[in-house]
Amino acid sequence: MTIVIEQPQLGDDVVEKKIHNESNDLALDEGFVVQEKNSFGHTFRDYDAESERKNSVEEFYRTNHIHQSVEFVKKMREEYGKLNRVEMSIWECCELLNEFVDESDPDLDEPQIEHLLQTAEAIRKDYPDEDWLHLTGLIHDLGKVLLHQKFGALPQWAVVGDTFPVGCAFDESNVHHKYFKENPDYHNPAYNGKLGIYSEGCGLNNVMMSWGHDDYMYLVAKENKTTLPSAALFIIRYHSFYPLHRSGAYTFLMNEEDAENLKWLHIFNKYDLYSKSKVRVDVEKVKPYYLSLIEKYFPSKLRW
């Protein structure tokens, strides 16, 4: 099956905003302003730019690429798929993230709750009627609580960073691809072919992704019976899958439903990536709105 990836074709009430040049920023019409520079003055996702975080980010990906194997992913999904560690609300989980900074991110060194609210509020401004997308912006990174002691205090390489399929060849579009050569799957003939253990068009739902906060939050949302639409779950599970939605790699694994959901992920990604800044959000001011969305789409307490 050949999947053709198209840009979103949305109705009049949900029209993707056009991007145009304006000074040093990119503006989405009169809505969200896309910053050309990150918090360190460099272009976004520039892993070669000289910055105070360059070496630590590269070391992060070296460790990540060595250890994210089929065996490791199976072990993590089995262990954390039980959802037997704690019961808490979505907002309580947001507050836990105040303690952490993502070591894989070359663009921001702020606590995670700042990024969640920046993303959600930017989406809310441009898509006021898509409340499910606002909430998705708020919760998309909540799986990073895996860094917390209550969740086993996993190392950052097992929680954050770009994700990729395991069980098939590592595409060269992956950041710092050279370090995959030390991954045990790299030399395993069962896993190092283009398709590996998969079949063309099998659907991403049947593909094992490297373990981290994306897959964990997807499991939490799904198993706790969220009523968010499938596009929201797709965004949560694959928003760090940059080789796919930025480079167009691995499309041979997608089915038609994936192609439809990818349209929403392309929209979401602009807000996830380019909303990162030092501008603070008034948490107490926006909290009541997001609590109402949480109540609409989730139970009061979730199993994690």
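Check the entry above for the structure.
The rules we used
Residues numbered from 1 in each chain as written. Predicted model: local features only at pLDDT ≥ 70, side-chain atom pairs only at ≥ 80, totals over all residues. Heavy atoms only, no water. Helix = DSSP H or I, 4+ residues; strand = E, 2+ residues; numbered from the N terminus. Buried < 20%, exposed > 50% of the residue type's maximum accessible area, 1.4 Å probe, protein only. Contact = heavy atoms within 4.5 Å. Axes fitted to C-alpha atoms, helices over the stretch in contact; angles between N-to-C directions. Parallel < 35°, antiparallel > 145°, perpendicular 65-115°, else oblique. Phe/Tyr/Trp six-rings, centres within 6.5 Å; stacked < 30°, edge-to-face > 60°. Lys NZ or Arg CZ within 6 Å of the ring centre and 35° of its normal. Salt bridge = Lys/Arg side-chain N within 4 Å of Asp/Glu carboxyl O. Arc of directions from axis to C-beta. Polar contact = N/O pair within 3.5 Å; in protein donor to acceptor, adjacent residues only side chain to side chain. Core = buried A, V, L, I, M, F, W, Y, C linked by side-chain atoms within 4.5 Å. Left-handed = near helix turned anticlockwise from the far one by under 90°. Nonpolar A, V, L, I, M, F, W, Y, C, P; charged D, E, K, R; others polar.

Student: Could you give an account of the overall build of the protein, naming the residues involved and the relevant values?
Tutor: Each helix and strand counted, the protein has 10 helices and 5 strands in total. Out of the 304 residues belonging to the protein, those deemed buried represent 58%. When contacts within the protein are restricted to residue pairs at least 6 apart in sequence, long-range pairs at least 24 apart make up 76% of them.

Student: Can you explain the packing of helix α5 (residues 131–139) against helix α10 (residues 283–297)? Please cite residues and give values.
Tutor: What describes two packed helices is the angle between their axes and the distance between those same axes. Taken N-terminus to C-terminus, the directions of α5 and α10 make an angle of 105 degrees; their axes are 10 Å apart at the nearest point. With respect to each other, α5 and α10 are oriented roughly perpendicular. Residues Asp131, Trp132, His134, Leu135 and Leu138 of α5 form the contact with α10, whose own contacting residues are Tyr289, Tyr290, Leu293, Ile294, Lys296 and Tyr297.

Student: Any details on the packing of aromatic side chains? Residues and values, ideally.
Tutor: Scanning all chains against the criterion turns up 17 aromatic pairs. Judged by centre distance (4.8 Å) and plane angle (55 degrees), the ring pair of Phe234 and Tyr238 falls under tilted. Of this pair, Phe234 and Tyr238 both sit in helix α7 (residues 230–238), separated by 4 residues, roughly a single helical turn. Measuring from ring centre to ring centre gives 6.3 Å for Tyr238 and Phe241, while their planes differ by 45 degrees; the resulting arrangement is tilted. The class of Phe241 is buried, set by a relative accessible area of 0%. Cation over ring: Lys194 sits above Phe252, and NZ or CZ is 4.7 Å from the ring centre.

Student: Can you tell me about the pattern of salt bridges, naming the residues and giving the values?
Tutor: Evaluation of the coordinates by the stated rule reveals 10 salt bridges. In this structure, Arg62 engages Glu59 in a salt bridge whose closest nitrogen and oxygen atoms are separated by 2.9 Å. Here the residue Arg62 and the residue Glu59 both occupy positions in helix α1 (residues 54–67), the gap between them amounting to 3 residues, near one helical turn. Take Arg62: its relative accessible area is 28%, and that puts it in the partly exposed class. Given a relative accessible area of 39%, Glu59 falls into the partly exposed group. Across the pair Asp131 and Lys296 runs a salt bridge, and its minimum N-O distance is 2.7 Å. In this pair, Asp131 is assigned in helix α5 and Lys296 in helix α10, connecting sequence segments 165 residues apart. On the accessibility criterion, Asp131 (15% relative accessible area) is buried.

Student: I'd like a rundown of helix α2 (residues 70–80), residues and numbers included.
Tutor: Within α2, the full set of buried residues consists of Val70, Phe72, Val73, Met76 and Tyr80. The arc that holds the buried residues of α2, viewed along the axis, is 160 degrees, so those residues lie on one side. Seen from the buried face of α2, the exposed residues on the opposite side, beyond 90 degrees, are Glu71, Lys75 and Glu78. In this structure, the buried side of α2 is in contact with α1 and α6 (213–223).

Student: Requested: an account of unusual backbone geometry, with residues and values cited.
Tutor: Apart from glycine, the bulk of residues carry a negative phi angle, and the bulk of peptide bonds sit in the trans form. In this model, Leu83 sits at a positive phi of 50 degrees, which is unusual for a non-glycine residue. Within the fold, Leu83 resides in the loop between α2 and β4 (87–88). With a relative accessible area of 4%, Leu83 lands in the buried category. Phi at Ala153 takes a positive value of approximately 45 degrees, unusual for a residue other than glycine. With respect to the helices, strands and loops of the structure, Ala153 is situated in the loop between α5 and α6.

Student: A description of the side chain of His239 should follow, citing residues and the corresponding values.
Tutor: Position of His239 relative to the elements: it lies in the loop between α7 and α8 (242–245). In this structure His239 comes out as buried when scored by relative accessible area, which is 3%. Here the side chain of His239 touches Asp214 through a polar contact of 3.2 Å, side chain to side chain. Of note is the side chain of His239, whose polar atom sits 2.9 Å from the backbone oxygen of Ile236. In contact with His239, not counting residues within four places along its chain, are His140, Asp141, His213, Asp214, Phe234, His245, Leu265, Phe268 and Asp272.

Student: If you had to explain the nonpolar core to someone new, which residues and values would you point to?
Tutor: Counting residues in hydrophobic clusters, the biggest one holds 90 residues, and the most contacted among them are Leu138 and Trp304. Beyond its immediate chain neighbours, meaning those up to four positions away, Leu138 contacts Trp91, Cys94, Leu116, Leu117, Ala120, Tyr290 and Ile294.

Student: Give me the lowdown on the packing of helix α4 (residues 112–126) against α5, citing residues and values where you can.
Tutor: Running from amino to carboxyl end, α4 crosses α5 at an angle of 165 degrees, the nearest separation of the two axes being 7 Å. If you check the angle between α4 and α5, you find them roughly antiparallel. α5 is crossed by α4, and the crossing has right-handed handedness. Contacts from Leu116, Leu117, Thr119, Ala120, Ile123 and Arg124 in α4 reach Leu133, His134, Gly137 and Leu138 in α5. Its residues assigned to classes, the contact of α4 with α5 comprises 6 nonpolar, 3 polar and 1 charged.

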